[in-house]
Structures are given as structure tokens and as C-alpha cells.
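# Working through the structure, step by step
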Amino acid sequence: FLFIFGTKYSTTELYSPDEYVIFRDIMAMLLIGFGYLMTFLRKYGLGAVGFTMLLTALGMQLSIFMELFVRFMYGSDHHSHLPLPVNLMTIIDSEFFAAALLISYGAVIGRVSPVCLVGIMLFECFFYS
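Residues numbered from 1 in each chain as written. Predicted model: local features only at pLDDT ≥ 70, side-chain atom pairs only at ≥ 80, totals over all residues. Heavy atoms only, no water.

## Observations regarding helix α5 (residues 114-128)
With 15 residues, α5 extends 20 Å from end C-alpha to end C-alpha; this agrees with the ideal 21 Å at 1.5 Å per step. Every buried residue belonging to α5 is among Leu-117, Met-121, Glu-124 and Cys-125, and all of these are buried. An end-on view of α5 places all buried positions within 105 degrees of arc, on one side of the element. Along α5, the residues that are exposed and aim more than 90 degrees away from the buried face are Val-115, Phe-123, Phe-126 and Phe-127. Contact partners of the buried residues in α5: α3 (45-74) and α4 (88-108). (Helix = DSSP H or I, 4+ residues; strand = E, 2+ residues; numbered from the N terminus. Expected span 1.5 Å × (residues − 1). Buried < 20%, exposed > 50% of the residue type's maximum accessible area, 1.4 Å probe, protein only. Arc of directions from axis to C-beta. Contact = heavy atoms within 4.5 Å.)

Structural data, given as C-alpha cells:
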């Protein structure tokens, strides 16, 4: 609901090719790098790729929401009014959160359930923002 009515997407502000290259490279690192890094475990190899994609997708969405919520609540910059701007740099920052989350996932792989992973994601996103 917040993404529909509480955000705006700039049609005049285009991203630079350098920002897109950064976005693309980080996304490749998250999905391919972390996903297939965890496949070295015999029992958890197939689940590791799936959980990596799950945590990346959900974590990026939650990070964008939480960061915009914190900006709105504390008025940390000139974007503290609705609608909140979402641009490529916001998405790149959410990718960095997903990378931190996947590093934490690597420490607990095979020991926690998917529900616990979502709980870790919620807890970590609060402190990352």
C-alpha cells in the first residue's frame, strides 16, 4: 500500500550508466555468487539457492520500505514528506542490505528454518536502517 500511494518514481531523473552497472554487478553477486557459494554443503545445496533468492527478494523490499519509513519518521533529509522518492540509489542500498543478510544466512545455513530466516531478516533490517 505504501509503495502504491506513498512513493514516487521520477520520470525526468534518469540513472547514469555507471549506477546501472553497479546495480547489475551487485545483483549478480547476490544471486549467483552467494547462491552458488552455499551449494558446497551436500545436504543444503539445493535449498541454499532457493533461500538465497527468497532472502534477496524479500530483503530488498523490506529494506526499501524500512529506509523510507525511517527517513519519513526522523526527517533526516529533504525527502521527509510524502510521496517518498524511490530511485536507483535506493535500490542499490537495498542490495547492500541483502548482502549483509546473506552473510548472516551463511553463518546459520542448515540450522534454521525459513520462518527463522524471515525473522532474522526483520530484526536485521531494523538495525541496518
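## Focus: the pattern of salt bridges
Close approach of charged atoms lets side chains of opposite charge pair. With the rule as written, the count across this model stands at one salt bridge. Among the salt bridges present, the one from Arg-24 reaches Asp-25, with a minimum N-O distance of 3.4 Å. (Salt bridge = Lys/Arg side-chain N within 4 Å of Asp/Glu carboxyl O.)

## As for the side chain of Glu-67
Locating Glu-67 in the fold gives a position in helix α3. Residues contacting Glu-67, with those up to four places away along its chain left out, are Asp-93 and Ser-129.

## Points about the nonpolar core
Counting 22 residues, the largest nonpolar core has Leu-30, Leu-55, Leu-102 and Tyr-105 as its most contacted members. Where this core is concerned, the elements lending two or more residues are α2 (17-37), α3, α4 and α5. With eight residues, the single largest contributor to this core is α4. Setting aside its immediate chain neighbours within four residues, Leu-102 contacts Leu-30, Phe-34, Met-38, Thr-52, Leu-55 and Thr-56. (Core = buried A, V, L, I, M, F, W, Y, C linked by side-chain atoms within 4.5 Å.)

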